[in-house]
Amino acid sequence: MLTIDRIPKKVKVFFRPLQKHFTEPAWEHFWALVMAITISHGTTIERLVKTLRGSTHRTNHGEFLWRSIWDESWVIREMALDTLKRLYSKKERCLFFVIDDTQTLKRAKKMAAVGKLHHHATGKYGKGHTIVKVCLYYRGVTIPWGSWLYVKKEHAAKLKIPFRKLTELAAEAICNASLPDKFKVTVLFDAFYLCPAVVKACQSQKWHYIGVGKSNRWFKVGSVKRKLGKYGKNVLRNSGRWCNITGLRKTKAYLLAERVGCLGKLGTVKVVFSRRKGEAKHIALVTDDLRASMKTIVAEYLKRWSIELLIKDEKQHLGLADYRVLRYQAVVRHLHLVDAAYACLTHVGLQAQRAQGPNHNTKKVLRLEPISQLKDRMRRIIWQEAVKDVVKHSHEKPVIRRLEKLLAA
């Protein structure tokens, strides 16, 4: 089994700005667990400890998750801002602030904040957690920004924390976000978050937003009110035009039409009705950016898919839902450790791209390797450093020659 006992040289640049936020003992636990997640096949504490050479007992790592003093949200934002700084190009100012939520089913009876929920993936009811996720999307790179654990009102009282609805958590994340002024920020979210609380938060930051309007919402054009679903179908049939639009990867044809009017409590908005070629269903994209073209609005909203891929990667490859801890603080910190591991692997992917040539900063959209390949790349980095250590300290010439051949291969 591949094990690790120090931060690899190739990722020291990534970890260096973060050390000031930790005490010395907490820092050792933090980087060790993040590195373990990047190379491990599971993220329970018991499995992670097996990848750490000379590590303390697993209970010490468990206590780190709930007893140590450090601001997990601040650490993740530092990582995100540092990554943005490395990616920044004067030719590309558009930055997307993407909001979504995900669910994890849990059977533990004593785990904090576990409540009844309708699991969207299976369509059944169960017990678990709902997590609000936020990421940044810039030049083709997805950057984790934060994770918030939703706690029901009855559990919030027991945990002595303020109760926040999912939409309030999203609005709070927008209000507390501090991003450089050189970026033109657009907030992307689905139909659930298209509400006055989130819209007001976007307005307070002077950011534009794009969200989906549900088909049963009333839309007023002039003096006439209509339901978005039926109205959009008629508008597309009578005045829709076809446009080729590029999403995260592929270019597809969309039938588009736009109208400006008033939507509920959101004020004056532009609604772009969109239907993809070969599909019968259409959606209504709502934005407060009245000057943007309908093609631009659809192209920008397609960037929202980046957070779906982030959640999928974190669940399948980084163990977002694998936690087996009881305390609320420990669960929250596990979610942030997974975000930190994703950011670390992104750093490795960007380093690999820079190594390929000098055109890194001139590309408008970057294409990083999948997370599964970046995990393999991280394992190779750790393995190569381990081999070099053996070569450096061994006095057996045949062993050295054999290891040098393996390293070269």
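Here's what I pulled together on the structure shown here.

Conventions and cut-offs
- Residues numbered from 1 in each chain as written.
- Predicted model: local features only at pLDDT ≥ 70, side-chain atom pairs only at ≥ 80, totals over all residues.
- Heavy atoms only, no water.
- Helix = DSSP H or I, 4+ residues; strand = E, 2+ residues; numbered from the N terminus.
- Axes fitted to C-alpha atoms, helices over the stretch in contact; angles between N-to-C directions.
- Parallel < 35°, antiparallel > 145°, perpendicular 65-115°, else oblique.
- Contact = heavy atoms within 4.5 Å.
- Nonpolar A, V, L, I, M, F, W, Y, C, P; charged D, E, K, R; others polar.
- Phe/Tyr/Trp six-rings, centres within 6.5 Å; stacked < 30°, edge-to-face > 60°.
- Buried < 20%, exposed > 50% of the residue type's maximum accessible area, 1.4 Å probe, protein only.
- Lys NZ or Arg CZ within 6 Å of the ring centre and 35° of its normal.
- Core = buried A, V, L, I, M, F, W, Y, C linked by side-chain atoms within 4.5 Å.
- Pairing = 2+ DSSP bridges.
- Polar contact = N/O pair within 3.5 Å; in protein donor to acceptor, adjacent residues only side chain to side chain.

Details of unusual backbone geometry
In this structure, Ala113 is a non-glycine residue whose phi angle is positive, near 65 degrees. Here Ala113 shows up in the loop between strand 1 (94-105) and strand 2 (115-119). Backbone geometry at Lys160 places phi at a positive 60 degrees, although glycine is not the residue there. Checked against the element boundaries, Lys160 lands in the loop between helix 6 (153-159) and helix 7 (166-176).

Comments concerning the packing of helix 2 (residues 24-39) against helix 4 (residues 58-67)
For the pair helix 2 and helix 4, the least separation of the axes is 10 Å and the interaxial angle reads 105 degrees. By the criterion of interaxial angle, the relationship of helix 2 to helix 4 is roughly perpendicular. Contact residues: helix 2 offers Ala26, His29, Phe30 and Leu33, while helix 4 offers Asn60, His61, Phe64 and Leu65. For the contact of helix 2 with helix 4, the per-class residue count stands at five nonpolar, three polar and no charged.

As for the packing of aromatic side chains
One pass over the structure, following the stated rule, counts 17 aromatic pairs. Look at Phe15 and Trp27: their rings are 6.2 Å apart centre to centre, the planes differ by 75 degrees, and that puts the pair in the edge-to-face class. Of this pair, Phe15 sits in helix 1 (residues 12-15) while Trp27 sits in helix 2; the two residues are 12 residues apart in sequence, bridging distant segments of the chain. The two residues Phe15 and Trp27 agree in class, both being buried. Between the aromatic rings of Tyr88 and Phe183, the centroid separation amounts to 5.5 Å while the plane-to-plane angle is 85 degrees, which identifies the pairing as edge-to-face. On the criterion of sequence distance, the pair formed by Tyr88 in the loop between helix 5 (72-87) and strand 1 and Phe183 in the loop between helix 7 and strand 5 (184-188) is long-range, its members being 95 residues apart. Its relative accessible area of 6% is what places Phe183 among the buried residues. Clustering of aromatic rings is evident, with ring pairs tying together Phe14, Phe15, Phe22, Trp27, Phe30, Phe64 and Trp70. When the ring centre of Tyr125 is taken as reference, the NZ or CZ atom of Lys116 above it lies at 5.3 Å.

Concerning the nonpolar core
Ranked by internal contacts, the top residues of the largest apolar core, which has 81 residues, are Phe15, Phe30, Met35, Met79 and Met378. Top element by residues in this core is helix 12 (residues 328-356). It accounts for 13 residues. Discounting residues that sit within four places of it in the chain, Phe30 has contacts with Phe15, Leu18, Phe22, Phe64, Trp70, Val75, Met79, Leu337 and Ala340. One finds Leu95, Val132, Leu169 and Val235 within the second-largest nonpolar core, a separate group that totals 52 residues.

Considering the pairing of strand 4 (residues 141-150)
Consecutive residues of a regular strand have side chains that alternate between opposite faces of the sheet. Here strand 4 lies mainly inside the structure; 10 of its 10 residues are buried. Two strands pair when backbone bridges link them, and strand 3 (residues 124-138) and strand 4 are joined in this way by nine bridges, in the antiparallel orientation. Residue Cys135 lies in a different strand from strand 4, and its bridge partner there is Pro144. Here strand 3 folds back onto strand 4 in antiparallel fashion, the turn holding two residues, of which Arg139 has a positive phi close to 55 degrees.

Some words on the pairing of strand 9 (residues 241-246)
Looking at chain direction, strand 9 and strand 10 (residues 251-263) are connected through six bridges and run antiparallel. When the sheet's bridge partners are listed, Arg241 is paired in strand 10 with Leu256. What sits between strand 9 and strand 10 in their antiparallel hairpin is a turn of four residues.

Overview of the environment of Gln329
If you trace the backbone, Gln329 turns up in helix 12. Judged by its relative accessible area of 25%, Gln329 is partly exposed. Put simply, Gln329 and Leu159 are 170 residues apart on the chain and 10.0 Å apart in space, counted from C-alpha to C-alpha. Once you skip the residues sitting within four places of it in the chain, Gln329 turns out to touch Leu65, Trp66 and Glu72. A distance of 3.4 Å separates the side chain of Gln329 from the side chain of Glu72, its partner in a polar contact.

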